[in-house]
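# Chain and residue survey
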Amino acid sequence: SRKDRLPAWARKWLKRIGTERITDAIERAGSIAELSPDERRRQAVTYLQKLSIRELGFPVPASIANLLVEHVYQQWKKVRR
């Protein structure tokens, strides 16, 4: 279970943003059929960055957004199996 755990600094970002917002960004990007998996991930990161500025009032660096999207996506994928 330790391998699935984010570092403390990343968990703080996750707590501030919320798993549901990240899942929403993943699902929105996943609904665009013509995108490749890499393009969907990049689109989810972009959605998350825009959403955090609009709804939360603070920017999320791309590297952190990418890490959080990847982490939440892995959990989301396990649940959907």
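I will try to describe carefully the structure that is included in this document. Everything numeric in this text was worked out from a predicted model, so none of it was measured.

## Side note on helix H2 (residues 19-30)
For H2, which comprises twelve residues, the first-to-last C-alpha distance of 16 Å matches the rise-based estimate of 16 Å (1.5 Å per residue) to within 8%. Those residues of H2 that fall on the buried side of the exposure criterion are Ile22, Thr23, Ala25, Ile26 and Ala29. Take H2 and look down its axis: the buried residues cluster within an arc of 155 degrees, on one side only. At its buried positions, H2 is contacted by helix H1 (8-17), helix H3 (37-56) and helix H4 (62-80).

## Description of the pattern of salt bridges
Taken as a whole, this structure holds three salt bridges when the rule is applied. Across the salt bridge formed by Asp38 and Arg41, the nearest N and O atoms sit 3.4 Å from each other. Here Asp38 pairs with Arg41, and both are found in helix H3, just three residues apart, close to one helical turn. Note on Asp38: relative accessible area 44%, which makes it partly exposed. With relative accessibility at 25%, the residue Arg41 sits in the partly exposed group. Across the pair Arg41 and Glu70 runs a salt bridge whose closest N-O atoms are separated by 3.9 Å. Here Glu70 lies in helix H4 and Arg41 lies in helix H3, a separation of 29 residues in the sequence.

The rules behind the values
Residue numbers run consecutively from 1 along every chain, following the written order of its sequence. Only residues with pLDDT of 70 or above have their local features reported here, since the model is predicted, and side-chain atom pairs are shown and tallied only from 80 upward, although totals for entire chains, interfaces and linings are computed over all residues. Where side-chain values are given, they derive from all heavy atoms of the structure, hydrogens and water being excluded. The helix and strand labels rest on DSSP assignments: H or I over at least four residues marks a helix, E over at least two residues marks a strand, and numbering proceeds from the N terminus. In this analysis, the expected span of each helix is defined as 1.5 Å times one less than the number of residues it contains. Think of it in three bands: residues with accessible area under 20% of the maximum for their type are buried, residues over 50% are exposed, and the middle band is partly exposed, with areas taken using a 1.4 Å probe on protein chains only. Working note: the arc is built from the helix axis to C-beta atom directions. By the convention used here, residues are in contact when the closest approach between their heavy atoms is within 4.5 Å. Should a side-chain nitrogen of Lys or Arg be within 4 Å of a carboxyl oxygen of Asp or Glu, the pair is scored as a salt bridge.

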